[in-house]
Each structure stands twice: as C-alpha cells, then as structure tokens.
Amino acid sequence: RPGKRLKDYDPADTSGCRGKEEALIRLEENKARMATLQDILYARGEYALLAILQGMDTSGKDSAIKHVMTGLNPQGVQVVSFKAPNAEELSHDYMWRTDKQLPPKGTIGVFNRSYYEDVLVVRVHGMVPGRGPEDKDFWKMRYRQIRDKERYLLENKIVPVKLFLHISKEEQAKRLLKRIDNPEKNWKFDASDIRERAYWNDYVAAYEAAFAETATDQAPWYIVPANKKWYARLVISEIMLHELSGLKLSYPQISEEQRRMLEQYRTMLEQEK
C-alpha cells in the first residue's frame, strides 16, 4: 500500500493459519483447484498468467515454485530463472531477456527473478555506468518503463502477479548456516550470498522504492511473509488461485454447426462398434 515500509509487514506472520499441518492440507486443496483452472486457461488460450518471484537470497523462491506448482500440468507451466546477464543479454536493452521468455497464451509462466533486478541489484551496485543509486531521474525513468511494460502486458492479456517473499535478516542468517552445516545443502552455498548480505539495508531501500513506484491497481505487489516456508507456499497458492479465478474463464462453447458435426461423429463411431 502507498506509504508502507517493509518493516510494517511481519515476515514471521502466519495469521489465519493454525500451523504447518493445516497449511499443507489447504495447500493441496488449492493446488487441486489451480489444476482445474489451469486446464480451463489452456483450453481457452486467451490469457497467460505470469508469476514474478522476487526476494532476498534464501527467501525460498525455488522451493515455493517446486511446492506450489507441483500437481499442475507441466505442459502448461513455463519456469525461467534469471541469473547475472551474459554478454549477449548485456548487448540488448534490459528487458530483452525477459521479453523473449514471456509465457504463451493459455499457460502459466513463472519468473524466478525478473526485469526488476534492473532496479534492484543493478541499482544497489551501480552497474549502469554513470548511474548511481542517487540518480533519481534515471531510476524514475526505469520505474515508468516498467509500469508501461506491465500495462502493455495486461492489455495483451498477460497478467503479471508480483510476489515478494519477505524474510527477516535473522532468518536469512539461519538459512545460510543450514547451507553450511548440512552436507546436502552445501552445494547451495555461494560466497556471494555473504557479500550481498552486507548490502541488506540498500536492498530494502531499493525494494521499497520499486514497490512504491510500480505497484498499481492493475498490477499490485503482494508482500508474502516468508520466515515460515510452509506459510509462504500457502499464501502464494491463495494468490495464484485468486488471480486465476479473477479471470472468470470457462471452457470454450462450440457452435450449433460444430455440435451437429459432433453428433454425426458420435453416430459414425457407434456404428463401428
């Protein structure tokens, strides 16, 4: 909401849920309903849903995708993770690499990070030559471009669903320690996570600026409490279900001529028995 800061949202909040067991039951129910709506989405071929997941390192983006999207038809889900841009991507405008990964109509797309990285990590580390975090006019321009882009997506029936997985700095420390202490998680640890942690306050400021400038009535930001992964997954499933239901889709209706043809085919097939 306008005027809100991240500190106004409790990352450990689990309001409305009595515990992990209840959350898991509700998550499975939501996934079953999502699967039904996904089937209708695919049959219509009219809209695409684009879930954009952002968050601090270790906020649980990967596991959220795994647990929330399990059970959907994999033919209708497209997941793309964006890392540091390569040489080819750097030679284009900053939205080029995400533009070419937009989901086709009838599908659900998931961006693990997105074009928002270009007003987050790029801003924090001053990656645009001559454009530091203090260059307000430049970043205002980028926010406006993102708003324009999302309006363009909506007008072309690609619905962005923007999700920020909100964890505390203390919770991040616990998760990083697990990556160090657990042999099965060692592979996840990256020294850059520690280096980036030193910029925590800068990232908070960058995220708050991005929320303030790019949250609109048509494309709001959802702040997902993510200290408890099981609760974050439930919340994400609720949001996805809400967005899919909001499209008010139904299976395509056939014409009378098509119905007559189906009856003819039925007769032909029954005669073959």
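Residues numbered from 1 in each chain as written. Predicted model: local features only at pLDDT ≥ 70, side-chain atom pairs only at ≥ 80, totals over all residues. Heavy atoms only, no water.

**Here we look at the nonpolar core**
Within soluble globular proteins, side chains that are nonpolar tend to cluster in buried spots.
Inference 1: Residues Leu53, Ile108, Tyr116, Val119, Leu163, Ile236 and Met240 are the most contacted members of the largest nonpolar core, which totals 66 residues.
Inference 2: Beyond its immediate stretch of four places on either side in the chain, Val119 contacts Trp139, Arg142, Tyr143, Ile146, Ala206 and Ala210. (Core = buried A, V, L, I, M, F, W, Y, C linked by side-chain atoms within 4.5 Å. Buried < 20%, exposed > 50% of the residue type's maximum accessible area, 1.4 Å probe, protein only. Contact = heavy atoms within 4.5 Å.)

**Looking at the pairing of strand β4 (residues 158–166)**
Inference 1: Of all 9 residues in β4, 9 are buried, a share of seventy percent or more.
Inference 2: By the alternation rule, side chains of β4 split into Ile158, Pro160, Lys162, Phe164 and His166 and Val159, Val161, Leu163 and Leu165, which are all buried.
Inference 3: In terms of strand pairing, strand β1 (residues 48–55) meets β4 through 8 bridges, oriented parallel. In the sheet register, Gln54 faces β4, and the bridge partner there is Phe164. (Helix = DSSP H or I, 4+ residues; strand = E, 2+ residues; numbered from the N terminus. Pairing = 2+ DSSP bridges.)

**Details of the packing of helix α6 (residues 136–155) against helix α9 (residues 200–214)**
Inference 1: The contact between α6 and α9 brings their axes to 9 Å, and the two run at 50°. The orientation of α6 relative to α9 falls into the category oblique. In terms of crossing hand, the pair formed by α6 and α9 is right-handed. Residues Lys140, Tyr143, Ile146, Arg147 and Glu150 of α6 pack against Ala206, Ala209, Ala210, Glu213 and Thr214 of α9.
Inference 2: A class-by-class count of the residues in the contact of α6 with α9 yields 5 nonpolar, 1 polar and 4 charged. (Axes fitted to C-alpha atoms, helices over the stretch in contact; angles between N-to-C directions. Parallel < 35°, antiparallel > 145°, perpendicular 65-115°, else oblique. Left-handed = near helix turned anticlockwise from the far one by under 90°. Nonpolar A, V, L, I, M, F, W, Y, C, P; charged D, E, K, R; others polar.)

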